[in-house]
Amino acid sequence: MLWLIGNKGMLGTEISRLLEKRGIPFTGTDREVDITDPAALAARAASIRGAASLSWIVNCAAYTAVDRAEDDGEACRRLNVLGAANIAKTAGDSGARLIHISTDYVFDGKGVYDESLRGPRPYREDDQTNPVGVYGLAKRDGENAVLENNGETYIIRTAWLYGRYGGNFVHTMLRLMKERDTVKVVNDQRGSPTWAFDLAGAVLALVNTVDGGGKVPFGIYHYTNEGNISWFDFAGEIYSRSRRLGLLSRDCAVQPCTSAEFPARVTRPEYSVLDKAKIRSALGLAIPEWNKSLEKYLAEMN
Ligand SMILES: NC(=O)c1ccc[n+]([C@@H]2O[C@H](COP(=O)([O-])OP(=O)(O)OC[C@H]3O[C@@H](n4cnc5c(N)ncnc54)[C@H](OP(=O)(O)O)[C@@H]3O)[C@@H](O)[C@H]2O)c1
């Protein structure tokens, strides 16, 4: 039995639907089993084990409001550090393997300079973390807490997630493009837009591989869609594809700007590209390009 924690969030819902589609037995919880309450987690684990063996816990629950976290650090840490540690302990006590989701925000976004590229290379799993905001710091400390509390843990770091079941950049852009004649988008931050559906597939590929006897070492893995782009270019692609597919019926000019023109509570990473060689080789995954996945996603919305 697999226990999916945070099953009502954007990624959790996507994983939940994929588990249902594939007929994989699972149980899902969200706020009704508070991850900051170890007794609540232990009680639910015991009740699951009363009916079936609990072999996996997948944690998608988190505090994800990056800007709000700057003024709400205690609540952010309660979920992303304490909550994550509680889940890891529960998994350890239950003899379950844990998959915990983390983020590119554990890095500072300055990149690791590569002479041959004359610029930054994608971040590897063992590159030095250096979070710059409250959310990133809590997620980094959460990673450490999870690893300390349960050696049988997989951490999957991802970035720039969008999907059907939560607020995200694609939805925000489509709304603004319906309302406005121009939309300004930052052109000085690069990353890999990632469809939550593809990440859900990677999470289940990990479960299937291990359950099938494949040897996948515990530890940290990176997963995003392939390729990378700036937010401005991503917005331009969302616009042109949505116009073509009939999701947008009016013109809107997408204009580039700098982060300085959009003062935010948190400095966003300039360079968020993650190296995925490790997960590709561990699971034999073919990771979709971000533009192919965006096209499929928008076509499904139509
Ligand atoms: N979204 C991104 O762009 C992105 C990028 C990189 C990494 N990630 C990581 O990916 C994971 C999933 O992100 P997501 O965007 O799917 O998050 P999400 O939509 O915010 O989902 C998180 C879920 O956790 C629930 N939750 C909140 N407090 C809880 C508690 N005390 N006990 C149990 N559940 C609680 C939330 O409920 P409420 O909605 O009621 O609060 C929500 O359903 C997170 O670990 C996140 O850090 C996300």
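Details of the structure are given in the entry above.
In this text, all values refer to a predicted model and were calculated from it rather than measured experimentally.

A.B. asks: Account for the packing of helix H1 (residues 10-22) against helix H6 (residues 196-211), naming residues and giving values.
C.D. replies: Each pair of packed helices gets described by two things: the angle between the helix axes and the distance between those axes. Viewed as axis vectors pointing N to C, H1 and H6 meet at an angle of 55°, and their least axial separation amounts to 9 Å. Accordingly, the angle class assigned to the pair H1 and H6 is oblique. Like other packed secondary-structure pairs, H1 and H6 cross with a definite hand, here right-handed. Mapping the contact onto sequence places Leu11, Glu14, Ile15, Leu18, Leu19 and Arg22 in H1 and Ala196, Phe197, Leu199, Ala200, Gly201, Val203, Leu204 and Asn208 in H6.

A.B. asks: So what about the environment of Val66? Which residues, and what values?
C.D. replies: If you trace the backbone, Val66 turns up in the loop between strand S3 (56-59) and helix H3 (73-94). Looking at Val66, the relative accessible area reads 14%, which means it is buried. Taking the C-alpha atoms as reference points, Val66 and Asn228, separated by 162 residues in sequence, lie 21 Å from one another. Each residue touching Val66, except ones within four places of it in the same chain, is listed here: Tyr105, Tyr135, Val266 and Arg268.

A.B. asks: Before we move on, could you go through the layout of surface pockets and cite the residues and values that matter?
C.D. replies: Reported here for the second largest pocket is a volume of approximately 170 Å³. Secondary-structure elements contributing two or more residues to the lining of the second largest pocket are H1 and helix H9 (290-301). For the lining of the second largest pocket, the element with the highest residue contribution is H1, accounting for four residues. Taken together, the residues that form the lining of the second largest pocket break down as five nonpolar, no polar and five charged.

A.B. asks: Explain the site of the ligand to me, using residue names and the numbers behind them.
C.D. replies: Around the ligand, 22 residues are found, and the nearest of them are Leu11, Arg31, Thr64, Tyr135 and Lys139. A distance of 3.2 Å separates an oxygen atom of the ligand from a polar atom in the backbone of Gly9. Leu161 is positioned with one of its backbone polar atoms (N or O) 3.2 Å from an oxygen atom of the ligand. Protein chains bury 80% of the 910 Å² of accessible surface belonging to the ligand in isolation.

Criteria and cut-off values
- Sequence order as written defines residue numbering, which begins from 1 separately in each chain.
- Since the coordinates come from a predicted model, pLDDT governs what is reported: local features require at least 70, and pairs of side-chain atoms require 80 or more to be given and counted, while whole-chain, interface and lining totals use all residues.
- Hydrogen atoms and water are omitted, and side-chain values are computed over all heavy atoms in the structure.
- Here the axes come from fitting lines to C-alpha atoms, over the contacting stretch only for helices, and the angles between their N-to-C directions go from 0 to 180 degrees.
- Note on conventions: DSSP H or I runs of at least 4 residues are helices, E runs of at least 2 residues are strands, and numbering of each starts at the N terminus.
- An angle below 35 degrees is treated as roughly parallel, one above 145 as roughly antiparallel, one from 65 to 115 as roughly perpendicular, and anything else as oblique.
- Crossings are assigned a handedness: left-handed for a near helix turned anticlockwise from the far helix by less than a right angle, right-handed for a clockwise turn.
- The contact rule is simple, with two residues in contact once any of their heavy atoms fall within 4.5 Å.
- Burial classification: accessible surface area is computed with a 1.4 Å probe over protein chains only, and a residue below 20% of its type maximum counts as buried, one above 50% as exposed, and the rest as partly exposed.
- Cavities and pockets were defined on a 1 Å grid built over protein atoms only: a cavity is a set of grid points that admits a 1.4 Å probe from which the probe cannot escape, a pocket is an open set flanked by protein on both sides within 12 Å along at least five of seven lines, and lining residues are those with an atom within 4 Å of any such point.
- Grid points are joined across faces, edges and corners, and a volume is the space filled by probe spheres set on the points.
- Any residue that is not Ala, Val, Leu, Ile, Met, Phe, Trp, Tyr, Cys, Pro, Asp, Glu, Lys or Arg is counted as polar, Gly included; the first ten are nonpolar and the last four charged.
- The rule for a residue being near a molecule or strand is that one of its heavy atoms must lie within 4 Å of it.
- Under the rule applied, a polar contact is a pair of N or O atoms within 3.5 Å (in protein, one hydrogen donor and one hydrogen acceptor; residues adjacent in sequence only if both atoms are side-chain atoms).
- Here the accessible surface of atoms and residues is derived via Shrake-Rupley with a 1.4 Å probe, and residues count as covered only by protein chains that are part of the display.

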